[in-house]
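Single-letter residue listing:
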Amino acid sequence: MREGAELRGAVLCERVQVEDGASIFEKAAIGAESVLEKHCTVAPRVYIWPNKRLEHDRKYTENLMWEAEAGKQAVRNPEAGYVDFDLTPESAARIGASFAALRTLPAELGVASDGVQQSVMLKYALTAGMVSQGVDVQDMGLCAPSAFAYAIRMLGLDGGIYIRRGETGKYEAELLILDAMGASLSAGEHRKFRQQYELGAQRPVTASRLGVVQRYTGAERGYEASLRRMARFDGRAGTAMVIAGDTALYDAVARVLLPCGVGVKLIAERAQEPLLRAMAHAGAQLGFLAGENGALPSAVFGEHAMNEEECIAIFAIAAAEDGRRTLVLPASLPEAYCSAVLARGAHVTRVSDAPARWQHACFEADAYLPELFEPEAMVVRFAALANDGRLEKLIAALPAVRRAEAEVGCTWREVGRVLRSLVETERDERVELIDGVHVNDDDGWVLVRPNKNFTACRVIAGSFKEEYAEELSLIYEQKLRSIIAEGREEK
């Protein structure tokens with residue numbers, strides 16, 4: 001049993017894995033070899049047959065006998081898990097071999113880690129699997145994910161795998177599998193990798209040629225040089241900033257910005273209030289609240305806390321003003337922000353919000369903006385805009401946009417029916433099929449799409465008027481509930 005798990009008067013058979021925050025109540029019984037993912041709940045008197053994998057954040061109130069009833073995520077993700085159970089050195093070697101086996105020889109891959117002991121252990125196992133398939137490996141040691149991705153592009157590698165600590169810290173690890181562009185694998189490439197992995201252990205190509213491992217120590221330095229080019233301070237004194245809760249981000253940014261005259265301060269607390277107090281004490285204009293597990297930080301300028309969409313809009317508008325003629329933006333970005341980019345002479349392509357698909361589309365259109373994907377680049381770009389006096393003007397010029405959101409619970413099988421029904425009932429000219437169903441209205445827009453785990457449909461509505469955004473959200477929430485209810489009645 002993992003941290004925060006609860007077991008109350010229930011029976012667990014041999015080799016049952018209970019992950020963080022899972023709960024099992026009175027007189028329930030869990031069959032052998034079953035896995036209860038994080039925060040799932042087994043109600044009282046519920047029996048789970050052997051060899052089942054219960055998906056996270058789901059409540060099970062009826063006996064579970066067949067695999068199909070366990071949920072969409074019954075198949076384990078081999079790229080993340082507990083180092084002493086799921087993601088062991090043996091499975092890491094198999095992952096490395098499977099990824100390398102898909103490359104046409106001669107090929108060269110990169111490996112790196114966040115320096116945590118369990119990550120380093122898995123890195124060596126991955127490397128062994130890769131060289132067993134005749135693929136050469138560049139071991140980049142300890143570096144940031146952004147620096148690793150940059151090095152893959154600059155060295156012309158065929159891809160790479162980065163190992164870092166899992167979301168809940170100790171005992172967990174996560175592998176980031178990247179392609180030759182330093183981006184996450186596309187859906188098709190990831191499917192090929194998973195198929196190769198499911199085939200089992202890959203036979204070493206000992207009779208042909210084993211790969212060669214080389215040590216490369218220039219990943220961080222090369223990435224810092226690219227950040228310095230982005231800063232372009234020209235010797236002028238810069239603004240001050242505070243970074244909350246991310247030592248690695250602080251180290252990378254400070255090495256670039258301190259020589260430019262930018263004051264950079266780090267505080268340990270990862271919370272909004274301590275960040276604002278530290279900014280006031282240091283007289284800093286900019287503040288950054290570290291994101292979870294490598295996600296982009298939240299940004300504050302003066303007293304204005306910028307949401308994710310405002311950050312995207314600011315960077316896109318600034319890039320258009322600097323001469324970028326093509327920009328690739330996520331489908332959920334409000335129409336008003338896209339119109340502001342268009343007004344500055346840039347062409348806008350809308351794509352899925354999924355980071356991998358968005359990033360691939362940016363590379364394919366030669367429109368990649370590092371500040372939209374890399375925490376270090378985001379901080380440096382904000383510092384440059386603030387130092388030029390542009391950031392305040394860009395924020396003031398942003399159109400007023402109001403948003404409202406709702407979520408309607410449903411099974412993953414019902415998601416397709418909901419989206420298809422929406423497409424059939426809306427007028428064709430109002431509908432765009434990008435990352436869900438995007439419906440344009442005279443005074444606003446609505447995006448309906450499944451949540452990350454396919455356990456609900458999200459409704460995201462936007463308008464210039466807060467009242468209308470809330471009204472749109474309510475209308476489509478009720479429409480989704482009606483579609484789901486009708487489908488269940490038909491059964």
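Everything here concerns the structure above.
Residues numbered from 1 in each chain as written. Predicted model: local features only at pLDDT ≥ 70, side-chain atom pairs only at ≥ 80, totals over all residues. Heavy atoms only, no water.

J.: Please clarify how the overall build of the protein should be interpreted in this entry.
T.: Each helix and strand in the protein was counted, giving 14 helices and 28 strands. With the C-alpha coordinates of the protein rotated into their principal frame, the extents come out at 65 × 60 × 45 Å. Counting all 491 residues of the protein, 54% fall into the buried class. Long-range pairs, those at least 24 residues apart, make up 56% of the contacts in the protein with a sequence separation of at least 6. Counting every atom, the protein has about 22900 Å² of accessible surface; 51% of that belongs to carbon and sulfur. Counting 57 positive and 71 negative side-chain charges, the protein places the centres of these two groups 3 Å from one another. (Helix = DSSP H or I, 4+ residues; strand = E, 2+ residues; numbered from the N terminus. Buried < 20%, exposed > 50% of the residue type's maximum accessible area, 1.4 Å probe, protein only. Contact = heavy atoms within 4.5 Å. Areas by Shrake-Rupley, 256 points an atom, 1.4 Å probe, with all protein chains shown as cover. Lys, Arg positive; Asp, Glu negative; His and termini not counted. Charge placed at Lys NZ, Arg CZ, Asp CG, Glu CD.)

J.: What's the story with the sheet that holds strand β24 (residues 402-409) in this structure? I'm lost.
T.: Taken in spatial order, the five strands line up as β24-β28-β27-β26-β25 in an open sheet, and their pairing is antiparallel. Two strands close off the open sheet at either side, each with one partner strand: β24 and β25 (431-432). Summarising the sheet, β25 and strand β26 (residues 437-441) pair through two bridges and their orientation is antiparallel. Residue pairing across strands places Val431 opposite Val439, the latter belonging to β26. (Pairing = 2+ DSSP bridges.)

J.: Got a minute to help me understand the packing of helix α5 (residues 219-231) against helix α11 (residues 375-387) in this structure?
T.: Packed helix pairs are specified by the crossing angle of their axes together with the interaxial distance, meaning the distance between the axes. Between α5 and α11, the shortest axis-to-axis distance is 9 Å and the interhelical angle comes to 25°. In terms of axis orientation, α5 runs roughly parallel to α11. You can see that α5 and α11 cross each other, and the crossing is right-handed. In this structure, α5 contributes Tyr223, Leu227, Met230 and Ala231 to the contact, and α11 contributes Glu376, Ala377, Val380, Arg381 and Ala384. (Axes fitted to C-alpha atoms, helices over the stretch in contact; angles between N-to-C directions. Parallel < 35°, antiparallel > 145°, perpendicular 65-115°, else oblique. Left-handed = near helix turned anticlockwise from the far one by under 90°.)

J.: Looking at this structure, I do not really get the pattern of salt bridges. What am I missing?
T.: When charged atoms on two side chains of opposite charge get close, those side chains can pair. On inspection of all chains with the given rule, the structure shows 26 salt bridges. The salt bridge partner of Arg8 is Glu6, with a shortest N-O separation of 2.3 Å. In this structure, Asp322 engages Arg390 in a salt bridge whose closest nitrogen and oxygen atoms are separated by 3.0 Å. You can see Asp322 sitting in the loop between α8 (308-321) and β22 (326-330) and its partner Arg390 sitting in helix α12 (residues 390-397), a full 68 residues away along the chain. (Salt bridge = Lys/Arg side-chain N within 4 Å of Asp/Glu carboxyl O.)

J.: Please clarify how the sheet that holds strand β19 (residues 286-289) should be interpreted in this entry.
T.: Strand pairing in a sheet is mediated by backbone hydrogen bonds. Such pairs are either parallel or antiparallel. Overall, mixed pairing links the five strands, which are arranged β18-β17-β19-β20-β21 in an open sheet. Two strands lie at the open edges of the sheet, namely β18 (263-267) and β21 (304-306), each paired on one side alone. Neighbour-to-neighbour, the strand axes of the sheet open up by a mean angle of 20°, direction not taken into account. Strands β17 (240-244), β19, β20 (298-301) and β21 of the sheet are contacted by α11, whose axis makes an angle of about 165° with β19.

J.: Sorry if this is basic, but what is going on with the packing of helix α1 (residues 89-101) against helix α4 (residues 187-198) here?
T.: Axis separation between α1 and α4 bottoms out at 9 Å; the angle between their running directions is 125°. It follows that α1 is oblique to α4 by the angle criterion. In this structure, the crossing between α1 and α4 has a hand that is right-handed. Taking contact as the criterion, the partners of Ser91, Arg94, Ile95, Ser98, Phe99 and Ala101 in α1 are, on α4, Phe193, Gln196, Tyr197 and Glu198. Looking at the contact of α1 with α4 residue by residue, the classes come out as five nonpolar, three polar and two charged. (Nonpolar A, V, L, I, M, F, W, Y, C, P; charged D, E, K, R; others polar.)

J.: When you look at a nonpolar patch on the surface in this model, what are you seeing that I'm missing?
T.: Together, Tyr47, Trp49, Met65 and Trp66 make up a nonpolar patch on the protein surface, roughly 450 Å² of accessible area in all. Within the secondary structure, Trp49 sits in the loop between β8 (47-48) and β9 (53-54). Taking the relative accessible area as the measure of exposure, Trp49 reaches 34% and is therefore partly exposed. (Patch = residues over 30% accessible without salt bridge, like charges linked within 9 Å, V, L, I, M, F, W, Y side chains within 5 Å.)

J.: Explain the nonpolar core here, please?
T.: Membership of the largest hydrophobic core comes to 77 residues, with the highest contact counts inside it found for Met241, Leu257, Leu286, Ile314, Val341, Phe382 and Leu391. Of all the elements, α8 adds the most residues to this core, at 10 residues. Ranked by size, the runner-up nonpolar core spans 24 residues in total, among them Ala100, Ala125, Leu126 and Val137. (Core = buried A, V, L, I, M, F, W, Y, C linked by side-chain atoms within 4.5 Å.)

J.: Just to check I follow, could you spell out the side chain of Arg449 for this structure?
T.: Of note, Arg449 is situated in strand β27 (residues 444-450). Separated by 3.0 Å, the side chains of Arg449 and Asp353 make a polar contact. Leave out the neighbours within four places in its chain, and Arg449 touches Ser332, Asp353, Asp435, Gly436, Ala456, Cys457, Arg458 and Ile460. (Polar contact = N/O pair within 3.5 Å; in protein donor to acceptor, adjacent residues only side chain to side chain.)

J.: Where do I start with the packing of aromatic side chains in this structure?
T.: Centre distance and the angle of the planes are the two values used to describe a pair of aromatic rings. Overall, the coordinates contain nine aromatic pairs when judged by the stated rule. Seen from their ring centres, Phe148 and Tyr162 are 5.8 Å apart, and the 45° between their planes marks the pair as tilted. On the criterion of sequence distance, the pair formed by Phe148 in helix α3 (residues 145-155) and Tyr162 in strand β14 (residues 160-166) is long-range, its members being 14 residues apart. Assessed through its relative accessible area of 0%, Phe148 is described here as buried. Residue Tyr162 is classed as buried on the basis of its relative accessible area of 2%. Members of the aromatic cluster, joined through ring pairs, are Trp358, Phe363, Tyr368 and Phe373. One residue, Arg94, lies across the ring of Tyr197, its end atom 4.2 Å from the ring centre. (Phe/Tyr/Trp six-rings, centres within 6.5 Å; stacked < 30°, edge-to-face > 60°. Lys NZ or Arg CZ within 6 Å of the ring centre and 35° of its normal.)

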